[in-house]
Each structure stands twice: as structure tokens, then as C-alpha cells.
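Reading the structure
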Amino acid sequence: MAKTMILMFEIIIITELNVLLPSVAISELRLGAQLSMNNSAMNEESRLCNITIQKALEDINAFPNLLVVGYQTILFQDRIGYKLDLTYDYVDSECRGEHRSDIINKLRNILHFPYILIGGVCPTITEQFIKVQDFFSSAAQISYLATSANLANRRLFPKLYRLTAPERVGYALVQLLATFNWTRIAIIQEENDNLSMTTSDLMKELNVTKVDVIAGKPITVGSTPVLQQLDVLKSLDARIIVVSASQKTTLEIVCNAYKLGLYGKQFVWIFTEKYSDEFWKVGDVYCTEEERQRAVEGAFFCNTVNNKPFKEKGIANMTYSDLLTDIRHRANVPEFKPFDYAVGKCYDHVWVAALALNCSLSTLWKLGGEFLMDERPNMITDCIDKLDFVGTTGRIRFTDGALNPDAVLQRIQDANTKVVAYFRQDYHPNSRYEWIDGALIWKDKIIPRDSAQTIQKEKFVPMSLYLTMYILAGIGIIFTIACFVFNVFWRKHRIVKMSSPNINSILLVGCLLMYVTIVIKTMATTSKTVCAVRLFCFWIGFATLFGSMFSKTWRVYRIFTNKQMKQKLSLRDKHLLVIIGILVIMETLVLIVWESYSPHHVKEQRLETEDVTTDKGDKVLVFSRVCVSVHSNYFNWTLKIVNGALMALGAFLAWETRQVHIEALNDSKTIGVCLYNVVILSIVGLFLSMTLDDKPIVLNGVTSVCLFVGTLVSETLIFLPKILAFYRKPIATPQTALTNLQSSTTLSITTNRIELGASRSCEKETETDDTTKLD
């Protein structure tokens with residue numbers, strides 16, 4: 001025959017007075033006990049919680065297969081099946097420590113193993129009960145509202161389980177950062193133990209991510225002035241700033257942020273604490289309401305969810321709104337929003353206790369009940385750690401003694417605080433944000449970056465300048481080809497023949513090299529080969545152009561200085577070619593030594609005056625590729641001195657031959673104009689190279705224009721008079737061409753005789769060259 005044994009399983013509910021619940025009491029949930037409490041001593045909030053507990057007990061007792069056990073008795077060694085019912089009574093502690101001994105004495109008389117302590121609301125009383133080492137040290141305790149920095153310390157309170165953990169938003173914050181690819185943040189923490197809980201949880205989550213915390217740790221405010229700390233963050237380019245501080249301190253942070261310019265679409269402020277609605281309009285601080293509004297615009301709030309917005313049924317087949325409706329009906333109140341947030345937690349924590357006891361009963365059954373409490377002190381805590389069910393407030397699953405609650409993400413947009421997303425931690429391990437469509441609006445549709453990214457941007461030659469230089473160079477090349485055709489096809493014409501067509505052809509090669517230099521200067525500087533080709537084309541072209549021009553003048557000078565014709569001079573084109581060749585070889589050798597000893601390479605030159613900041617706050621560093629050489633100054637000045645000496649010699653020869661009046665033979669006046677043109681352009685180019693050193697593109701364009709003008713003017717002065725003279729007398733012969741010179745009366749007989757001799761010498765040389773070609 002089956003025997004009956006009465007077991008005592010209790011859930012002790014301890015609730016106390018706090019700022020949210022002015023009057024609380026201690027309740028004892030005990031099998032077979034009667035409800036005994038003083039309702040008159042309870043205020044409305046406590047009354048609602050008491051009604052909620054009764055509702056939870058009704059649902060638990062009516063839940064099938066819950067607290068139904070078969071138990072093998074120690075005395076009769078048989079098995080007994082029965083279902084447990086839970087009841088309770090209340091005792092008020094008034095959140096006062098002096099009542100602790102009375103409550104403990106009462107609990108000593110009614111507690112049997114296994115049992116669970118539920119409560120309290122007041123953190124100080126909750127701590128005191130746990131610290132009674134001789135009595136409650138081995139008991140599991142569940143609190144649905146109490147929270148503090150101490151209670152969050154698992155080392156101090158390893159058997160406390162909290163349903164309210166406002167600091168557990170660290171993972172939600174980490175996922176928010178990941179959503180927008182923010183990997184660099186700053187954390188501001190007020191010097192307060194409770195406020196440090198959130199930052200501690202955040203830092204724990206950040207340790208397993210790739211997010212960098214500026215300064216390596218949270219920056220504290222309190223003893224250190226807020227303005228000073230914010231100035232440090234500004235110097236470190238902080239853009240994403242998480243704040244865990246009281247409302248008063250946050251207002252001070254906001255004002256100083258406005259003063260330092262740490263606001264706008266480039267910055268994101270994230271507040272982890274709950275403040276009053278439109279908190280920026282409250283308080284007497286150092287800035288105006290408008291300034292505070294501008295500073296907080298776009299800021300986020302990330303807090304735990306109090307009122308569950310999801311219509312999901314929990315373990316009791318009831319939604320959160322269903323529970324509120326039922327409790328309001330039982331309490332005969334139409335609405336009681338100030339306490340709504342605690343109703344669900346009050347209901348769920350009773351379920352936690354019931355399910356944990358149910359688990360412990362199953363354990364006892366498997367072990368036959370043959371052990372004492374001291375042999376399995378962690379049995380109930382092990383059961384609580386294993387719990388995973390859906391309550392009215394969401395998923396109930398403890399991690400390190402507390403729930404990871406769902407979070408609500410709000411944002412200040414157009415001076416209004418709007419919910420933009422919910423973070424569903426109850427989907428763990430697939431926790432995620434559920435975004436409200438169209439709720440989140442970024443200014444200019446640009447997501448801020450976590451730091452000012454540095455973007456390297458190369459500045460190329462503008463298309464307008466590119467086309468202009470190519471057109472100018474093309475004009476010069478076409479004109480050079482036209483002059484070359486004229487010089488070759490009409491080489492027997494008196495005008496062309498007298499000007500040494502062979503030397504003119506060499507001169508045109510120099511002009512062509514100068515125009516090619518313009519083309520290469522306009523091209524993108526991509527390699528050292530481009531640098532070397534540009535350098536060789538310019539200096540060899542310059543030496544060829546002016547070397548040809550001056551060599552012809554040197555021949556006239558030699559003939560002109562032989563006034564008595566005592567010596568028979570034979571200065572043919574081959575002699576002039578030797579002179580030109582020597583000049584070109586000299587410069588080529590200098591260039592070869594230059595490129596061998598200190599070769600050019602491509603360098604990215606920073607254009608600091610053209611750096612810009614984008615709407616996203618990125619810094620665009622502009623650079624241009626230029627050719628540089630370590631010892632360029634030495635070789636540059638060597639070539640400048642050599643060519644300067646060449647031009648000085650050309651000026652001397654032009655001056656000495658200014659009295660020779662055979663225009664086809666003497667280019668002294670033309671050389672003078674060319675020298676003047678080159679000197680002026682060289683001075684302009686030198687001045688601009690010093691003033692536009694930080695603007696290589698502009699400098700490139702200016703020097704290219706100077707190069708084009710100098711070359712074209714020199715080329716035009718040399719060949720245009722000959723082309724016009726040919727146009728006026730297309731069939732002129734050498735004999736008729738000398739008529740004016742022979743009949744001249746303005747010159748001395750000696751000068752005329754010398755000029756006639758020089759002219760005939762040039763003609764004879766040209767005829768000899770033509771005869772050689774025929775042979």
C-alpha cells in the first residue's frame with residue numbers, strides 16, 4: 001500500500017521598498033500555507049505585484065506535468081506520485097536593514113530543502129540577506145528588479161539571478177557597431193559604480209571583437225573636467241562616442257561637445273542610460289536649449305526593453321499585453337503605466353523558481369532522494385543555469401547570473417526621439433536587430449564613419465590643359481614639318497641657299513624636340529623612363545636649336561672679321577655640324593652622368609593647399625606625381641651655365657655681325673629678338689617655378705606655354721622672312737639677288753666687298769653640296 005509523505009518546497013519572495021516601489025513586502029510561497037498579509041500596508045504598486053504573483057501561482061499550479069513527481073521515500077522504500085501546489089504569505093521589510101533579523105527568524109521556521117529565495121527589489125536588503133553566511137549562503141536567490149554593481153559581481157554573489165540587468169546592452173552595442181562598420185569608438189564613463197556596469201559589459205564584449213577603443217579604455221568624467229576630456233577625444237579624432245553617465249552629467253557633456261564642434265552628421269553619440277523625455281530641454285547648464293538640441297540631433301539611445309513590443313506567447317500561452325490586461329482587470333484599474341514594466345518580470349520570476357524546483361525534483365527522483373542538502377548544494381543553481389524558456393517579457397536564459405534582455409534602439413531625429421530598431425537577444429545565438437522600415441534617416445543619406453579616413457587622390461593634368469598643350473604642340477610640329485618641306489624642296493632658291501639649308505634642317509630637328517618635350521610634359525608621370533626622355537628631349541633640343549642658329553652667325557662673324565681677305569676661309573656646313581655636334585655631345589654626356597649618378601624617379605608630391613574634407617568627414621590628400629633627382633640642382637645648374645654661356649656667345653656674335661646687311665645670310669637681328677624672347681621667358685619661368693612649387697600641374701602648364709612660345713617665336717623669326725621673300729620672288733636667282741647689294745651706295749666699298757665674298761662663299765658651298773649629291 002502506498003504511503004503518503006508531506007514534503008515542504010518553498011519559494012521565499014522578498015521584496016522591499018525602492019524608488020520605483022515605495023512599499024514592498026516579503027512573501028513566503030509554501031505548500032499548504034495560507035495567504036496572510038496586510039493589504040492596507042501595501043501601496044498600489046505592491047498590490048499589483050502581489051496580484052501578479054497570485055496569477056503566476058495559478059498558472060503554475062494549473063500547468064500540466066509541472067511539479068508532478070514520483071518520490072521514493074527513505075523510510076518505506078516505495079514510490080509515491082503526487083502534484084505539488086504552491087501558496088505563500090507576505091512580510092514587509094520596508095527596505096530597512098533593522099527588520100532583517102525578524103525576517104530571518106521567521107524564515108528559519110518555515111524553510112526546508114530544496115528552496116529558492118525570491119527578492120528583493122531593494123539592492124541593499126538583497127545584499128544583506130545573501131551575506132548571512134550561516135543561513136542563506138547556499139540558497140539560490142532570484143530578484144526581478146534589484147540591480148547594482150555589487151549584485152552584478154558573480155564572485156561576490158555566485159547564486160544570485162537577476163531578471164533586471166540594464167547594463168547588459170554591451171552585445172547590442174557591439175552589433176550596432178558591426179551593422180555600420182564602426183571599428184573605432186570612444187567611451188565616456190561617469191565615475192559611478194552603477195554606471196560603470198554598462199561600460200564593463202561593453203568592454204567585455206569588445207574584447208572579442210576588432211573594435212578599437214580610443215585611449216584603450218573608457219575616459220572617466222567627474223574628477224576630471226568634462227571639457228578637458230572632450231578636448232582629448234577631439235584631438236584623437238573620435239567620431240563614434242558611447243556615453244554612460246547620469247542625465248545631469250550628460251547635459252554637461254552635450255554642452256561642451258557643442259562648444260568643441262563635436263556634433264553634426266560626422267559624429268554619432270550613443271547614450272546607454274535612460275533619461276527623461278526631451279532631456280536636452282531640462283536643466284540649467286552652460287548652453288542654450290537650441291545649442292543642446294543641435295548637439296544631440298542624431299544621437300542614439302540603446303536601453304533594455306521594459307515593455308515588450310512583440311506579440312509572442314510565452315510558456316503560459318499568454319502574451320505580455322494579455323498579462324497586463326488580466327492584471328488590470330484583477331486589480332480593477334483601467335491603466336497603470338508606471339508599473340507596467342515590472343508586471344512581466346514579477347510574473348516571470350515566479351516561473352523561474354517553479355521550473356527550477358521542478359528540475360530539482362526530477363534530480364531527486366533520479367537519485368532516489370538518498371542525499372542531504374550539504375551533499376548537493378548547487379543542485380538548484382545548476383537547474384537555473386539550464387533554464388531556457390519564453391516568458392511574458394521574452395526569452396528567459398541566464399548568462400553569468402543575469403538575463404541578456406532585448407534592447408530598444410532609439411534615435412533623436414528632428415528633435416523627436418523615435419524607435420528605429422529592436423535588438424532581439426532572445427534569438428541567441430542568432431541575436432540580431434529588427435529595423436523598423438523607414439525609421440532610421442541619415443542626414444544626406446550618408447552613414448558617418450568612425451574616423452576621418454585618409455584618401456590618397458592623384459591629381460592629373462586637367463583635360464582642358466591636356467588638350468590645349470596637345471593642340472599647341474601639334475601646331476608647332478605641323479609648322480616645323482612645313483618649314484622642313486620648304487627648306488628641302490626649295491633649297492636651290494637663293495633665299496634658302498644663302499641661309500644654309502643643311503643647318504636649318506638641324507635647327508628644325510631641335511624645334512621638333514622642343515615640341516615633343518611639351519607632349520611628354522603633359523603626359524602622366526608614370527615611370528623614370530618618362531622623366532629621362534623628357535629631360536633628354538628638352539636639353540638636346542635646346543642645344544640643337546640655338547647651336548644651329550649661333551653656328552651660322554659664327555660663320556658670318558668669321559668672314560666679317562676677315563676684312564682684308566688675307567686668308568682664304570673655307571667654312572662649310574660640315575664645320576658647323578661639328579660645332580653643333582660638340583655642343584650636343586657635351587650636353588648628352590652631362591645628362592648621361594646625371595642619370596647614372598643620380599637617376600630620376602617618380603615621387604608623389606603632396607598638394608596640401610588642395611586637400612579637402614568630404615561630407616563623410618574623410619580627408620582627401622591630393623598629390624601629383626613629379627620627377628625628382630637627389631642631386632638635380634648640381635646638374636641643372638651645370639647645364640644652365642653651359643647654355644647660358646652659349647647664349648652669351650650668340651649675343652656677342654649677333655652684335656658683332658649687326659652691320660652685315662644680307663638678310664638671307666645674316667640672322668643677327670633675328671638672333672637678338674630670339675635671345676630677348678628666351679631670356680624674358682626664362683626669367684618668367686624661373687620666377688613661377690619658385691612661386692608655384694607646390695602646384696606642379698599649374699607649373700607644368702606655365703612652363704609648357706613658355707616653351708611653346710619661345711620655340712615658335714624663334715622658328716617663326718628664322719623661317720617666316722624666308723618664306724615671305726620666296727613668295728615675293730619665287731624665281732629669284734643668285735645673280736639677280738645680289739644686284740641691290742652691288743649697287744649699294746650707303747655702305748663702304750670694303751664692307752660691300754666682304755659681304756659679296758661671304759655670299760658667294762655660301763652659294764659656292766651649296767652648289768658643291770648639290771654636285772656631290774648628283775655624283
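Description of the structure in this document. Model, not experiment: these values are computed from the prediction. (Residues numbered from 1 in each chain as written. Predicted model: local features only at pLDDT ≥ 70, side-chain atom pairs only at ≥ 80, totals over all residues. Heavy atoms only, no water.)

**Considerations on the environment of Trp-594**
Examined against the element boundaries, Trp-594 turns out to sit in helix α17 (residues 573-597). What makes Trp-594 buried here is its relative accessible area of 1%. Expressed as a C-alpha distance, the spacing of Trp-594 and Tyr-634, which sit 40 residues apart in the sequence, is 9.1 Å. Apart from residues no more than four positions distant in its own chain, Trp-594 is found in contact with Leu-535, Pro-599, His-600, Ser-629, Ser-632, Phe-635, Asn-636 and Leu-639. (Helix = DSSP H or I, 4+ residues; strand = E, 2+ residues; numbered from the N terminus. Buried < 20%, exposed > 50% of the residue type's maximum accessible area, 1.4 Å probe, protein only. Contact = heavy atoms within 4.5 Å.)

**Description of empty space enclosed by the protein**
Tallied over the entire structure, the rule returns 9 cavities of 30 Å³ or more. Estimates place the volume of the largest cavity at around 150 Å³. The wall of the largest cavity is formed by 14 residues, among which Lys-345, Thr-393, Gly-394, Pro-405 and Asp-406 lie closest to the centre. Class assignment for the residues of the lining of the largest cavity results in 5 nonpolar, 4 polar and 5 charged. (1 Å grid on protein atoms, 1.4 Å probe; cavity = no way out; pocket = protein on both sides within 12 Å on 5 of 7 lines; lining within 4 Å. Points joined across faces, edges and corners; volume = space filled by probe spheres on them. Nonpolar A, V, L, I, M, F, W, Y, C, P; charged D, E, K, R; others polar.)

**Describing the packing of aromatic side chains**
If you walk through the whole model with that rule in mind, you get 28 aromatic pairs. Taking 6.4 Å as the distance between ring centres and 55 degrees as the angle between the ring planes, the aromatic pair formed by Phe-489 and Trp-490 counts as tilted. Since its relative accessible area comes to 63%, Phe-489 is described here as exposed. Relative to Phe-550, the ring of Phe-546 lies with its centre 5.9 Å away and its plane at 40 degrees, an arrangement referred to as tilted. With Phe-546 and Phe-550 both in helix α16 (residues 528-561) and 4 residues apart, the pair spans about one turn of that helix. The same class applies to Phe-546 and to Phe-550, which are both buried. Pairwise contacts between aromatic rings join Tyr-171, Phe-180, Trp-182, Phe-300, Phe-423, Tyr-433, Trp-435 and Trp-442 into one cluster. We note Arg-154 situated over the ring of Tyr-161; from NZ or CZ to the ring centre the distance is 5.2 Å. (Phe/Tyr/Trp six-rings, centres within 6.5 Å; stacked < 30°, edge-to-face > 60°. Lys NZ or Arg CZ within 6 Å of the ring centre and 35° of its normal.)

**A word on the pairing of strand β19 (residues 407-413)**
A large share of β19 lies buried, amounting to 6 of its 7 residues. As paired strands, β19 and strand β20 (residues 416-424) are joined by 7 bridges and run antiparallel to one another. Bridged to Val-408 within β20 is Tyr-422. Linking two consecutive strands that pair antiparallel, namely β19 and β20, is a turn of 2 residues; a positive phi of about 55 degrees is found at Asp-414 within it. (Pairing = 2+ DSSP bridges.)

**Quick notes on helix α8 (residues 247-260)**
Since the α-helix packs 3.6 residues into each turn, any two residues three or four apart lie on the same face. Along its 14 residues, α8 runs 20 Å from first to last C-alpha, staying within 8% of the 20 Å computed at 1.5 Å per residue. Among the 14 residues that make up α8, 10 are buried, leaving the element largely enclosed by the rest of the structure. Contact partners of the buried residues in α8: β9 (184-190), β11 (219-221), α7 (226-235), β12 (240-244), β13 (268-271) and α9 (289-296). Of the residues trailing α8, Gly-261 is marked for its positive phi of about 80 degrees. (Expected span 1.5 Å × (residues − 1).)

**Looking at the state of the cysteines**
Under the definition given, this model contains 3 disulfides. The residue that forms a disulfide with Cys-255 is Cys-287, at a sulfur-sulfur distance of 1.9 Å. Here the S-S torsion is close to -70 degrees, and the disulfide linking Cys-255 with Cys-287 is therefore left-handed. Pair noted here: Cys-255 is in helix α8 and Cys-287 is in the loop between β13 and α9, with a separation of 32 residues, a long-range link. Of the two residues examined, Cys-255 and Cys-287, each falls in the buried class. Disulfide pairing places Cys-531 opposite Cys-627 at an S-S distance of 1.9 Å. (Disulfide = S-S within 2.5 Å.)

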